[in-house]
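Fold and geometry: a report
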2 protein chains.
Amino acid sequence: MAIVTIERKVLEKNDQIAQLNRNAFDRDHVFVINMVSSPGAGKTSILERTLEYLKGSIRIGVIEGDVQTDLDAQRVAKYDVPTVQIVTNGGCHLEANLIHDALANFDLTNIRILIIENVGNLVCPSNYDLGEALKVVVASTTEGDDKPLKYPAMFRNASVLLINKIDLVPYVNCNVNVLRANALKINPKLEIFETSCTTDSGIPEWCAWLRKNATD
Amino acid sequence: MAIVTIERKVLEKNDQIAQLNRNAFDRDHVFVINMVSSPGAGKTSILERTLEYLKGSIRIGVIEGDVQTDLDAQRVAKYDVPTVQIVTNGGCHLEANLIHDALANFDLTNIRILIIENVGNLVCPSNYDLGEALKVVVASTTEGDDKPLKYPAMFRNASVLLINKIDLVPYVNCNVNVLRANALKINPKLEIFETSCTTDSGIPEWCAWLRKNATD
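Residue numbers here run from 1 along each chain, matching the order of that chain's written sequence. Labels are handed out in written order, letters beginning with A for the chains and numbers beginning with 1 for the ligands. Given that the model is predicted, a residue must reach a pLDDT of at least 70 before its local features are reported, and side-chain atom pairs must reach 80 or more before they are shown or counted; all residues, however, enter totals for whole chains, interfaces and linings. The side-chain values count all of the structure's non-hydrogen atoms but skip hydrogen atoms and water molecules.

1. Focus on the overall build of chain A
Inclusion rule: Helix and strand definitions follow DSSP, with helices as H or I runs of at least four residues and strands as E runs of at least two, each counted in order from the N terminus. When we talk radius of gyration, it's over C-alpha atoms, and the globule rule is simply 2.2 Å times the number of residues to the 0.38. Classification of residues uses two cut-offs on accessible area relative to the type maximum, computed with a 1.4 Å probe and protein chains only: under 20% is buried, over 50% is exposed, and between them is partly exposed. Here, Shrake-Rupley sampling with a 1.4 Å probe gives the accessible areas, and only protein chains in the shown set may cover a residue.
The number of helices and strands found in chain A is 8 helices and 7 strands. Relative to its length of 216 residues, chain A is compact, with a C-alpha radius of gyration of 17 Å against a globular reference of 17 Å. Expressed along its principal axes, the backbone C-alpha trace of chain A runs to roughly 50 × 45 × 35 Å. Among the 216 residues that make up chain A, the fraction classed as buried is 59%. When the accessible surface of chain A is summed, it comes to about 8900 Å², and 49% of that surface belongs to carbon and sulfur atoms.

As structure tokens, then:
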């Protein structure tokens, strides 16, 4: 019982700090997305393609979240955008206070889109508001078509679903129509894109959507 | 500070119940493995292949852990082995008390190998002893070769690594030698098998290892 109380307090405290983050983003007109997925679903690759597509025309900042290493920040570094790596040191998700601390390293007035790449985890990050405008969940076709049913909170709390590694469909046991139907059963409002970072399929559409929502 | 104390107590309590589970397994000579991985790495498929290979010659029981649904237990049901589905209802990992409760549904004297399939999560299950003999981590080639460095606790606490979906290597960005080296850097004692549930590659070797360790 004590634990439940503590957990509720942790989430309340997190929501308060998330609201501070959201106020800061609103004040400086920064559109913030929180990218979530299983490990290895392709969040960093999608981020790289997104930076390639949009970097010349809109100012982007990146916060990388990882349990260990700054490997992802190293990958992003070549695009020469403001980037902060958060290492959670065993922590299974990002929390609003980590984002709040990271913001000290950004000039928000000089950023239009902030992309937060969460820890690879399809369960825990779903509960934690970071102050983002919306969550983008990436599901790889290699994970099969049943994941929305087995991990519903993440799909319920996301606004966008990127069905990634769509080029691998011929080789894996995944029916994309079933995956879409399962996702929409959990969350009928999901905006869905089918993407591949190998063929670039769907990347222009996703980037156009992101740019439109960031500038509307 | 309060939270850290609570977390420590949760882990201490978990370890006590895990020891009770371990005592029960030792008493009835049951060899227990705790299968962990990202969502969609192929734990259930490996379990299915393992049941096909070993079911005729050694008695196996299964505990399925999922955030939601009994889809995995349904998949296992066709092999006609004792199976219990644990639904964590949002919980991101199995704990020893859930296993303890599930054991009431088994006749342990009639089981030689108990396979526990944990929630798909490469972070949280690493901290929780369930009373198992060892953890088996499944890493899919589709997740890339950097996961042991980014999620080290899971690879450090496992005894066996199954590099799964080895048939997809030609289509994905994963150097298996780098993946092996990264895993061994984190845990030099890891026993490694390369497996595919599509081609059955590596499955006989893994099953032979499991049988040997269960009956030695």
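2. Here we look at the relation of the copies chain B and chain A
Relating one copy of the chain to the other requires a rotation about an axis plus a shift along that axis. For the record, the criterion: The copies were overlaid by least squares, fitting only the C-alpha atoms of residues that reach a pLDDT of 70 or more in each copy. Contacts between residues were defined by any pair of non-hydrogen atoms, one from each residue, lying within 4.5 Å.
Mapping chain B onto chain A is achieved by rotating through 180 degrees and translating by 0.0 Å along the same axis, at an RMSD of 0.0 Å. Seen this way, the second copy is the image of the first under a two-fold rotation axis. Mapped onto chain A, 100% of the interface residues of chain B are again interface residues, and the two copies thus contact each other with one and the same surface.

3. Considerations on helix α4 (residues 96-103) of chain A
To keep things clear, this is the line we draw: Each direction from the helix axis to a C-beta atom contributes to the arc, which is the arc of those directions.
When α4(A) is considered as a whole, its buried residues turn out to be Ala96(A), Ile99(A), Ala102(A) and Leu103(A). The buried residues of α4(A) occupy an angular sector of 120 degrees when the element is viewed end-on, so they sit on one face.

4. Section: the interface of chain B and chain A
Quick note on the threshold: Summed over both partners, the accessible area (1.4 Å probe) lost when two parts come together is defined as the buried area. The salt bridge criterion pairs a side-chain nitrogen of Lys or Arg with a carboxyl oxygen of Asp or Glu, the two atoms within 4 Å. Polar contacts, as used here, are pairs of N or O atoms within 3.5 Å; protein pairs need one atom able to donate a hydrogen and one able to accept it. Residues neighboring in sequence count only if both atoms are side-chain atoms.
On the chain A side, the residues contacting the 33 residues of chain B number 34 residues. Contact between chain B and chain A buries roughly 2600 Å² in total, counting both sides, with carbon and sulfur atoms accounting for 67%. A per-residue breakdown of the area chain B buries against chain A is headed by Pro39(B), Lys150(B) and Tyr171(B), which together make up 22% of the total. Here chain B is connected to chain A by 4 salt bridges. For Asp72(B), the salt bridge goes to Lys150(A), with nearest N and O atoms at 2.9 Å. Our enumeration of links across chain B and chain A arrives at 9 residue pairs in polar contact (both at pLDDT 80 or more). Only α1 (2-27), α3 (71-77) and α5 (147-150) of chain B provide two or more residues apiece to the side of chain B that touches chain A.

5. Here's the deal with the sheet that holds strand β4 (residues 113-117) of chain A
All names here are of chain A. Which entries qualify depends on this criterion: The pairing criterion for strands is at least two bridges between them, as found by DSSP. Here an angle of 0 to 180 degrees is reported between the N-to-C directions of two axes, which are lines fitted to C-alpha atoms, with helices fitted over the stretch in contact.
Strand order across the open sheet formed by 7 strands is β3-β2-β4-β1-β5-β6-β7, with parallel pairing between neighbours. The open sheet has two free edges, formed respectively by β3 (83-87) and β7 (191-194), since each of these has just one partner strand. Along the sheet, successive strands turn relative to each other by an average axial angle of 20 degrees, direction set aside. For strand β1 (residues 31-37) and strand β5 (residues 134-140), the ladder comprises 5 bridges, and the chain directions are parallel. Within β5, the residue paired with Ser-37 across the bridge is Val-138. Each of β2 (60-66), β3 and β4 is contacted by α4, which is oriented at about 145 degrees to β3, the strand it contacts most.

6. Thoughts on the packing of aromatic side chains
The test is simple: For Phe, Tyr and Trp, where Trp contributes only its six-membered ring, two rings pair if their centres lie within 6.5 Å, and the inter-plane angle classes them as stacked under 30 degrees, edge-to-face over 60, or tilted in between.
Enumeration according to the criterion identifies 7 aromatic pairs over all chains in this entry. Between the aromatic rings of Tyr171(A) and Tyr171(B), the centroid separation amounts to 3.6 Å while the plane-to-plane angle is 10 degrees, which identifies the pairing as stacked. In this pair, Tyr171(A) sits in the loop between β6 (160-164) and α7 (176-186) while Tyr171(B) sits in the loop between β6 (160-164) and α7 (176-186), so the two residues belong to two different chains. Classification of Tyr171(B) by relative accessible area gives partly exposed; the value is 38%. Taking 6.2 Å as the distance between ring centres and 70 degrees as the angle between the ring planes, the aromatic pair formed by Phe193(A) and Trp209(A) counts as edge-to-face. Here Phe193(A), found in strand β7, pairs with Trp209(A), found in helix α8 (residues 203-215); they are 16 residues apart in sequence, far enough to count as distant. Neither Phe193(A) nor Trp209(A) differs from the other in exposure class; each is buried.

7. Observations regarding the sheet that holds strand β1 (residues 31-37) of chain B
Residue and element names in this part refer to chain B. Read across the sheet, 7 strands follow the order β3-β2-β4-β1-β5-β6-β7 without closing on themselves; strand pairing throughout is parallel. The open sheet has two free edges, formed respectively by β3 (83-87) and β7 (191-194), since each of these has just one partner strand. Along the sheet, successive strands turn relative to each other by an average axial angle of 20 degrees, direction set aside. The pairing of strand β5 (residues 134-140) with β6 spans 5 bridges and is classified as parallel. By the bridge assignment for β6, Val-136 is matched with Val-160. This element, helix α8 (residues 203-215), spans β1, β4 (113-117), β5, β6 and β7 of the sheet and lies at about 140 degrees to β1.

8. Comments concerning the pairing of β6(B)
Residues and elements named next belong to chain B. What counts here: Handedness is read with the strands pointing away from the viewer; a crossover is right-handed when the path from the first strand over the helix to the second is clockwise.
Counting buried positions along β6 yields 5 of 5 residues, so the element is predominantly enclosed. The alternating pattern of β6 places Val-160, Leu-162 and Asn-164 on one face and Leu-161 and Ile-163 on the opposite face, and all of these are buried. In the sheet, β6 pairs with β7 via 4 bridges, with the strands oriented parallel. Within β7, the position partnered with Leu-162 by the bridge is Phe-193. Handedness of the crossover joining β6 and β7 through α7: right-handed.

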